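# Reading the structure
Single-letter residue listing:
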Amino acid sequence: MTDIVSPTSGVTVSKAPARRDIGIKRRYAAERRFQAYGIAAITFGLVFLFILLWTVIGKGYTAFQQTAITLPIEFSEKTIDPSNKRATDPSVLIAANYPVLLRDAIVKQLNVNAASRPDVRDASAMLSKGAPIQLRDMVMADPSLIGKTVNVTVLADANVDSANKGQIDLKVDEKNRKVNDKQVGWMNELKASGALHKQFNTGLFVNGNSSRPEAAGLGVALIGSLYLMLIVLVLALPIGVAASIYLEEFAPKNKLTDLIEVNINNLAAVPSIVYGLLGLSVFINFIGLPRSASLVGGLVLTLMTLPTIIIATRAALRAVPPSIRAAALGLGASKMQMVFHHVLPLAMPGILTGTIIGLAHALGETAPLLLIGMVAFVANAPTTPLDPSTALPVQVYMWANEAERAFVERTSGAIIVLLLFLIVMNMGAILLRRRFERRW
């Protein structure tokens, strides 16, 4: 230790305490910098998360409402069944000219000159192209409507819906927008009379895919995703848990099991599109399963999810204290009884958490499903896992590639639905873990 004499007081001062003080200050400064870096990183991530959610929700919340128009429809017998053949030939009702009924109703509602073909065309264009199908289904379900006038609420055209929601700038020249000034005036007239209004868009959750934005929905994608998750759960959970129990509790520790463990860890990092190629070559080309089927998608996602479940299950089994195993064996339990009666119940919270996180990961996958054909245009809901279907992330991908402006809000709305599913599944994992967690 080196001492120095102060030139003013003549007191001897040691250098060591001063050096210790400098070192402590440096450590405190480094700790504060590290905390600042951590806070900055968290803030950075939260800002971009907020921007993402703001963008998606800002564009997609309007998809949960749909513009509709209520019109008094005259189900004229002259138009539907002029020859009165419906009693002997029900196909007459299917082939009837229902667009004429809608045209006459909107023209009458707006007091449009029926002799002006451009005005009639513009008025008819305000209604969805799927509205005639709605009238046809009503007449097929209840033929007694023929000859009556009934108030029917039909969907507005996608362009009218966008204009009513403020998504089209009506101040620009009408040549540069899809809704002309005449239609804007009619919109205001119908809105003032209460005929044009917004309603909850049930079709978003019920309808299948459609080339018309106002009629497109997630019904097929929701059922397809449900089939996918059920198949993954039924196959991946028992296989993954069984493989984990064997590797962790029964398998001898040798080069073979070490090789298996390395491969499982590597499979967890394989890009998902590789699993899509595997499913295409094995399940479709070799085995001959139907393309675009939920069964094939579920098998592919099962292969992709298995490594995640195995790794999570092994970690949960490894977290059980060795004293539990020793106590069970010491009381005379067999190794099988020790594993299934004591170790597995204690590891169940971790197993459930890993399984739900794996399912949530599989729910958001798109690339492997594209390769096995689940990107096909499917309008009818699948009744079995062998029927053509699609899934939520694939539906988002398909709508994002559409040119129609109204599909932008449909895309964001589908993303919101997908995010809600993922949030619910992750919250379920947390709740199940807390519910079944045991402390020792």
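What you are looking at is a predicted structure, and each value in this text was computed from that prediction instead of being measured.

Further remarks concern the UniProt feature "transmembrane region" (unreviewed entry) in the protein chain. Taking the UniProt record as the reference, the feature "transmembrane region" (unreviewed entry) is found at residues 34–57, 218–247, 267–289, 295–317, 338–363 and 413–432. In the segment residues 34–57, helix accounts for 100% and strand for 0%; the C-alpha atoms at its two ends are 34 Å apart.

All right, on to the UniProt feature "domain: ABC transmembrane type-1" (unreviewed entry) in the protein chain then. As recorded in UniProt, the feature "domain: ABC transmembrane type-1" (unreviewed entry) lies at residues 222–428. Between the first and last C-alpha atoms of residues 222–428 the distance is 19 Å; the span itself is 75% helix and 0% strand.

Next up on the list: the nonpolar core. In terms of nonpolar packing, the biggest core is built from 43 residues, with Leu218, Leu301 and Leu369 touching the most fellow members. Leaving out residues up to four positions away in the same chain, Leu301 has contacts with Leu228, Met229, Val232, Ala362, Glu365, Pro368 and Leu369. Of all hydrophobic cores here, the second largest spans 37 residues; its members include Ala96, Val112, Leu135 and Leu196.

What follows concerns the packing of aromatic side chains. Aromatic ring pairs are reported here in terms of the distance separating the ring centres and the angle at which the planes meet. One pass over the full model with this rule turns up five aromatic pairs. On the basis of an interplanar angle of 55° and a centroid distance of 4.7 Å, the ring pair of Phe44 and Phe48 is categorised as tilted. With Phe44 and Phe48 both in helix α1 (residues 15–60) and four residues apart, this pair spans about one turn of that helix. For Phe48, a relative accessible area of 49% translates into the label partly exposed. One aromatic cluster is present, formed by Phe64, Phe200 and Phe205 through successive ring pairs.

Okay, unusual backbone geometry next. Peptide bonds are trans in most cases, and residues, glycine excluded, mostly fall at negative phi. Residue Asn111 is not a glycine yet carries a positive backbone phi of 55°. Structurally, Asn111 can be placed in the loop between α4 (98–110) and α5 (117–124). Given a relative accessible area of 69%, Asn111 falls into the exposed group. Here the phi dihedral of Ser292 falls at roughly 70°; this positive angle occurs in a residue that is not glycine. Residue position: Ser292 is located in the loop between α12 (272–286) and α13 (294–318).

With that settled, the discussion passes to the packing of α4 against helix α6 (residues 131–141). Any two packed helices are characterised by the angle at which their axes cross and by the distance between the axes. At a minimum axis separation of 8 Å, α4 and α6 run at an interaxial angle of 110°. In this view, α4 runs roughly perpendicular relative to α6, as classed from their interaxial angle. The chirality of how α4 crosses α6 is right-handed. Contacts between α4 and α6 involve Tyr98, Pro99, Leu101 and Leu102 on the former and, on the latter, Ala131, Pro132, Leu135, Arg136 and Val139. Split into classes, the residues belonging to the contact of α4 with α6 amount to eight nonpolar, no polar and one charged.

As for its position among the elements, His197 is in strand β5 (residues 196–200). The exposure class assigned to His197 is partly exposed, which follows from its relative accessible area of 26%. Taking the C-alpha atoms as reference, His197 lies 13 Å from Trp186; in sequence the two are 11 residues apart. Those residues within four positions of His197 in sequence are excluded, and the remaining contacts are Gln66, Thr67, Ala68, Thr70 and Thr153. At 3.4 Å, the side chain of His197 forms a polar contact with the backbone oxygen of Ala195.

Here the domain parsing of the protein chain yields domain 1 (67–199) and domain 2 (218–436). On the side of domain 2, four residues touch domain 1, which itself brings seven residues to the contact. If you look at where domain 1 meets domain 2, you find two salt bridges. The residue Lys165 makes a salt bridge to Glu409 at a minimum N-O spacing of 3.0 Å. At the junction of domain 1 and domain 2, the tally comes to three residue pairs in polar contact (both at pLDDT 80 or more). Its residues assigned to classes, the side of domain 1 that touches domain 2 shows two nonpolar, two polar and three charged.

Taken in spatial order, the three strands of this open sheet run β4-β3-β5, and their pairing is antiparallel. Each edge of the open sheet carries a strand with a single partner, namely β4 (149–155) and β5. Sheet twist, expressed as the mean angle between neighbouring strand axes with direction ignored, is 40°. Packing against the sheet, α4 makes contact with β3 (65–74) and β4, and its axis sits at approximately 95° to β3. Running over the sheet, α6 touches β3 and β4 and is turned about 140° from β4.

Quick notes on the rules
- Residues numbered from 1 in each chain as written.
- Predicted model: local features only at pLDDT ≥ 70, side-chain atom pairs only at ≥ 80, totals over all residues.
- Heavy atoms only, no water.
- UniProt positions renumbered as here; feature names shortened; annotations may be inferred.
- Helix = DSSP H or I, 4+ residues; strand = E, 2+ residues; numbered from the N terminus.
- Core = buried A, V, L, I, M, F, W, Y, C linked by side-chain atoms within 4.5 Å.
- Buried < 20%, exposed > 50% of the residue type's maximum accessible area, 1.4 Å probe, protein only.
- Contact = heavy atoms within 4.5 Å.
- Phe/Tyr/Trp six-rings, centres within 6.5 Å; stacked < 30°, edge-to-face > 60°.
- Axes fitted to C-alpha atoms, helices over the stretch in contact; angles between N-to-C directions.
- Parallel < 35°, antiparallel > 145°, perpendicular 65-115°, else oblique.
- Left-handed = near helix turned anticlockwise from the far one by under 90°.
- Nonpolar A, V, L, I, M, F, W, Y, C, P; charged D, E, K, R; others polar.
- Polar contact = N/O pair within 3.5 Å; in protein donor to acceptor, adjacent residues only side chain to side chain.
- Domains from an automatic or database assignment.
- Salt bridge = Lys/Arg side-chain N within 4 Å of Asp/Glu carboxyl O.
- Pairing = 2+ DSSP bridges.

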